2 protein chains.
Amino acid sequence: MRGLRLTDGRFTLEPALPVPAAGPGETRVRVRLAGVCATDLALARGYMGFEGVAGHEFVGTALDGPLAGRRVVGEINAGCGACARCLAGDPRHCTDRTVLGILGRSGAFAEELCLPTANLLAVPDEVADDAAVFAEPLAAAFEVAEQLDLARFERALVVGDGRLGQLCAQVLLDADLDVTLAGRHPERLNRFPRRPRFLAGAFDAGAAPPDERWDLVVEATGDPDVTARALAVVKPRGTLVLKTTAARPATLDLAPVVVDEITILGSRCGRFAPALEALRSGRIPAATLIDARYPLERGADALAHAARPGVLKVVIEMPNPDDDR
Amino acid sequence: MRGLRLTDGRFTLEPALPVPAAGPGETRVRVRLAGVCATDLALARGYMGFEGVAGHEFVGTALDGPLAGRRVVGEINAGCGACARCLAGDPRHCTDRTVLGILGRSGAFAEELCLPTANLLAVPDEVADDAAVFAEPLAAAFEVAEQLDLARFERALVVGDGRLGQLCAQVLLDADLDVTLAGRHPERLNRFPRRPRFLAGAFDAGAAPPDERWDLVVEATGDPDVTARALAVVKPRGTLVLKTTAARPATLDLAPVVVDEITILGSRCGRFAPALEALRSGRIPAATLIDARYPLERGADALAHAARPGVLKVVIEMPNPDDDR
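The rules behind the values
- Residue indices follow the written sequence of each chain, beginning from 1 at its first position.
- Chains and ligands are labelled sequentially in the order written, the chains with letters from A and the ligands with numbers from 1.
- For a predicted model such as this one, the threshold for reporting local features is a pLDDT of at least 70, and the threshold for listing and counting side-chain atom pairs is 80 or more; totals across whole chains, interfaces and linings nevertheless cover every residue.
- The side-chain numbers reported here are obtained from all heavy atoms of the structure, hydrogens and water having been left aside.
- Note on definitions: a residue-residue contact is assigned when non-hydrogen atoms from the two residues lie within 4.5 Å.
- Throughout, the accessible surface (probe 1.4 Å) given up by two parts as they are put together, summed over both, is called the buried area.
- Any carboxyl oxygen of Asp or Glu within 4 Å of a side-chain nitrogen of Lys or Arg constitutes a salt bridge here.
- In protein, a polar contact means a hydrogen-donor-capable atom and an acceptor-capable atom, both N or O and within 3.5 Å, with residues adjacent in sequence counting only if both atoms are side-chain atoms; elsewhere, any N or O pair within 3.5 Å suffices.
- Every helix listed is a DSSP run of H or I at least four residues long, and every strand listed is a run of E at least two residues long, numbered separately from the N terminus.
- Only protein atoms enter the calculation, which uses a 1 Å grid: trapped sets of points that fit a 1.4 Å probe without letting it out are cavities, open sets showing protein on both sides within 12 Å along at least five of seven lines are pockets, and any residue with an atom within 4 Å of a point is a lining residue.
- Grid points are joined across faces, edges and corners, and a volume is the space filled by probe spheres set on the points.
- Expected span of a helix, by definition, is 1.5 Å for each gap between consecutive residues, and there is one gap fewer than residues.
- Two axes enter the bend calculation: one fitted to the seven residues ending at the residue in question, the other to the seven starting there, and the bend is the angle between them.
- Working definition: with a 1.4 Å probe on protein chains only, accessible area under 20% of the residue-type maximum means buried, over 50% means exposed, and in between means partly exposed.
- Here the bounds of each domain stem from an automatic or database domain assignment.
- Here, a strand pair is defined by DSSP locating no fewer than two bridges between the strands.

### Here's the deal with the interface of chain B and chain A
Interface size, as often reported, equals the accessible area lost upon joining of the parts.
Phase 1 of the analysis: Listed by partner, the interface residues are 36 residues for chain B and 36 residues for chain A.
Phase 2 of the analysis: Here chain B meets chain A over a buried area of about 3000 Å², counting both sides, of which 58% is carbon and sulfur.
Phase 3 of the analysis: Area buried by chain B at its contact with chain A is led by Arg237, Val258 and Glu261 of chain B, which between them contribute 20% of it.
Phase 4 of the analysis: Where chain B packs against chain A, one counts three salt bridges.
Phase 5 of the analysis: Between arginine 237 of chain B and glutamate 143 of chain A there is a salt bridge; the shortest N-O distance is 2.9 Å.
Phase 6 of the analysis: Our count for the chain B to chain A interface comes out at 16 residue pairs in polar contact (both at pLDDT 80 or more).
Phase 7 of the analysis: Only helix H4 (135–147), strand E16 (234–242), strand E17 (250–252), helix H7 (255–259) and strand E18 (263–266) of chain B provide two or more residues apiece to the side of chain B that touches chain A.

Shown next, in the form of structure tokens:
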């Protein structure tokens, strides 16, 4: 199969990669459309020490198994199936897991991938590929709603107006919170019909921090210095959600965390069902975030485009001879 | 009145301090016994910029108001009474609060103090002064049980075998958790009839970290380097409770916090009622932690004694001419 192989920090189109072998209980999937995530860019910088086919945001067509012929999306963590975490229905935290295009499992920047059949969800007909490809990042944003009872909160601040920050803001608006988004690109907010309030540059280095405080703050930049600044605007007994991994350690003054009894909550992958439903109903029209699309042959250009400042989502279209959409 | 005044990092006995004036809704309390806390030692090093009479652990006798003549203990945070936090019953997080012997309010290392009458609790006759003086630090340990549903956890690790670490371990044992205490002084565990397992030196600089992981880890050393090491032994989706303020910022790798969806929870003062009940029933015989007692005249020696390595609780006895016990 053709695919984009990451080796030594570079993505290269390979014309004849081996098709990944499906293990027991797994389904082969022909990829239709894949999305580029900040994690893919981080992998190229050495994160996770990953080499091979990256890519974990996709919509495809199941080639075998009970969903054969159906369009599918898939949860990216594949547990061992035998440990206490897996048996409790949480393969996302299995310590022996593989992760699609991130850890020990060939990913979505290729014509085919494999995932446990249990990870796959059929995509409703109303959800076009351009929307379905957002199931994974939107599920990650919905993870905040799974971890926290959002009804407890009235006002939320999202720091970071990139892809994930925007999706988090949409999930919080969807839960009827009063949402402020801090970033540098007010024009990015035009993508969605429902818009948060915008706070420009308030968390940049040297900027005067806002006077306001929030019950719920979601950090979606992955910049550890921003994390420290975001911590300072959490109300007593409030919550700071860390939505993105940072490449270097953060230096945090934890005394206010103790005195104000603040909760810092790490948040990663989420369940796909609420995300697919938000896409199906049109409540969160995520496809509006697509800025550019590239064919697989120009996959390396797609990755370079996604790394440009200000760009939201870049997608990679796979050659699908039988594509009817 | 006589009292120990903190000025320029030194505690000095003053023979004629002004008696603190009771505000509206406040009760005057004659102090019987006061405990020395690590926070008092931190105040002497400049924490909070406090000058005046320190001390926030006490048992005394109410001199006026509805509890006049009764032995009392008291919650140390005095809210403004008018803000949303205070009206919701949480003066502990009022941004305009004063804090006994810590922030804007003369403390317990003197013959008299004042607190809002609503902060005071009568001490049951069965609870001797030596036990009652632990109401405040034991309430701080019980705060963990108020913030978390301890029934969700099976195994807990407390890092730090000082006063607060020991009390936290007792609260977790009281909730029937399987508790391990990491510290340097195994002999300290003999103070209590119910004892955690002991892990020696595992969080010291350069020590090999334990292979085990815990659902719940309570950091009770206040050393930011230990905090970083404690974070590394929290299970995926587990919780790290920060029980003590650190004097300097911590440098933390937050990527595992995100990937493993760990919760970091700051925890400070707690409600006194569960602490008083644990003392009354004898479930947590905290008075066994007392290592030394000094009269107020030798208060400076008491503070110096409390600062020695390995010492648990030092108490200061007030001159009470009408003491009948």
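There is more to say after this.
### Some points on empty space enclosed by the protein
Phase 1 of the analysis: Per the counting criterion, the structure on display carries two cavities of 30 Å³ or more.
Phase 2 of the analysis: Estimates place the volume of the largest cavity at around 60 Å³.
Phase 3 of the analysis: As for the largest cavity, its lining consists of Leu254 and Val258 of chain A together with Glu219, Gly222, Asp223, Thr227, Leu242, Thr244, Thr245 and Ala246 of chain B.
Phase 4 of the analysis: For the second largest cavity, the calculated volume is near 40 Å³.
Phase 5 of the analysis: Lining the second largest cavity, in full, are Glu219, Gly222, Pro224, Thr227, Leu242, Thr244 and Ala246 of chain A together with Leu254 of chain B.

### A word on H4 of chain B
All names here are of chain B.
Phase 1 of the analysis: Its 13 residues give H4 an end-to-end C-alpha distance of 18 Å, which sits within 8% of 18 Å, the value for a rise of 1.5 Å per residue.
Phase 2 of the analysis: At alanine 141, H4 shows its largest kink, close to 30°.
Phase 3 of the analysis: The buried fraction of H4 is high, at 10 of 13 residues.
Phase 4 of the analysis: Restricting attention to buried positions, one finds in H4 the residues Ala135, Glu136, Pro137, Leu138, Ala139, Ala140, Ala141, Phe142, Glu143 and Val144.

### Points about the domain arrangement of chain A
Residue and element names in this part refer to chain A.
Phase 1 of the analysis: Domain assignment breaks chain A into domain 1 (3–123 + 285–317) and domain 2 (141–266).
Phase 2 of the analysis: For domain 1 versus domain 2, the separation of C-alpha centres amounts to 27 Å.
Phase 3 of the analysis: Tallying the contact residues gives 17 residues for domain 1 and 13 residues for domain 2.
Phase 4 of the analysis: Taking both sides of the interface into account, the surface hidden between domain 1 and domain 2 amounts to around 1100 Å²; carbon and sulfur atoms contribute 53%.
Phase 5 of the analysis: The interface formed by domain 1 and domain 2 contains three salt bridges.
Phase 6 of the analysis: For the salt bridge of arginine 92 with glutamate 143, the shortest nitrogen-to-oxygen distance reads 3.2 Å.
Phase 7 of the analysis: Taken together, domain 1 and domain 2 are joined by seven residue pairs in polar contact (both at pLDDT 80 or more).
Phase 8 of the analysis: Where the side of domain 1 that touches domain 2 is concerned, the elements lending two or more residues are helix H1 (38–44) and strand E19 (290–295).

### A short note on the pairing of strand E1 (residues 3–7) of chain A
The two faces of a sheet get side chains in turn, since along a regular strand they alternate between them.
Residues and elements named next belong to chain A.
Phase 1 of the analysis: Of the pairings in the sheet, the one linking E1 to strand E2 (residues 10–14) comprises five bridges and is antiparallel in character. Bridge assignment links glycine 3 to a residue of E2, and that residue is glutamate 14.
Phase 2 of the analysis: Note: E1 against strand E4 (residues 52–53), two bridges, orientation antiparallel. The residue bridging leucine 6 from the neighbouring strand is glycine 52, located in E4.

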